[in-house]
Amino acid sequence: QVQLVESGGGLVQAGGSLRLSCAASGRTFSIYAMGWFRQAPGKEREFVAARAWRGGSTVYADSVKGRFTISRDNAKNTVDLQMNNLKPEDTAVYYCAAISSRLHIGTRTYEYDYWGQGTQVTVSS
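Now for a description of the structure that goes with this document.

1. Observations concerning the packing of aromatic side chains
With the rule as written, the count across this model stands at four aromatic pairs. An angle of 55° between the planes, with centres 6.0 Å apart, marks the rings of Tyr-112 and Trp-115 as tilted. Here the aromatic cluster, defined as three or more aromatic residues joined through ring pairs, consists of Phe-37, Phe-47, Tyr-112 and Trp-115. In this structure, Arg-45 packs its charged tip against the face of Tyr-95, placed 3.7 Å from the ring centre. Lying across the ring of Trp-53, Arg-72 places its NZ or CZ 3.7 Å from the centre.

Here you go:
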């Protein structure tokens, strides 16, 4: 089992920045990739960004390219999401997730085996 805990959400004005962090514990050796998803009220959960747990490969949704950066802190065993130039449409609950059953950096929710509890990000206009 892998446990994931997100932190770093909050309220920010449009144009501002936030940094989310996802701490992984448990059988982290089994992780192939980590991703961030978000879900706004009344909408489906959507892909934001993902990266290989080992190595530098990354994938981003078109809506966040150039504004968000996903990175890994090896010392802390975390995967972070730096969010710059935030927009009101970025408002959502953000979830981190891990893949251990596939050798693939997924962009679909069904590809992920473990999920965190989510952290709220609110961007005011």
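2. Here's the deal with the pairing of strand β9 (residues 92-99)
The side chains of a regular strand alternate between both faces of the sheet. Buried residues dominate β9, accounting for seven of its eight residues. Here three bridges tie β9 to strand β11 (residues 119-124), and the two strands are oriented antiparallel to one another. When the bridges of β11 are listed, Ala-92 appears paired with Val-121. In terms of strand pairing, β9 meets strand β10 (residues 114-115) through two bridges, oriented antiparallel. By the bridge assignment, Ala-98 is partnered in β10 with Tyr-114.

Cut-offs and rules
Residues numbered from 1 in each chain as written. Predicted model: local features only at pLDDT ≥ 70, side-chain atom pairs only at ≥ 80, totals over all residues. Heavy atoms only, no water. Phe/Tyr/Trp six-rings, centres within 6.5 Å; stacked < 30°, edge-to-face > 60°. Lys NZ or Arg CZ within 6 Å of the ring centre and 35° of its normal. Buried < 20%, exposed > 50% of the residue type's maximum accessible area, 1.4 Å probe, protein only. Helix = DSSP H or I, 4+ residues; strand = E, 2+ residues; numbered from the N terminus. Pairing = 2+ DSSP bridges.

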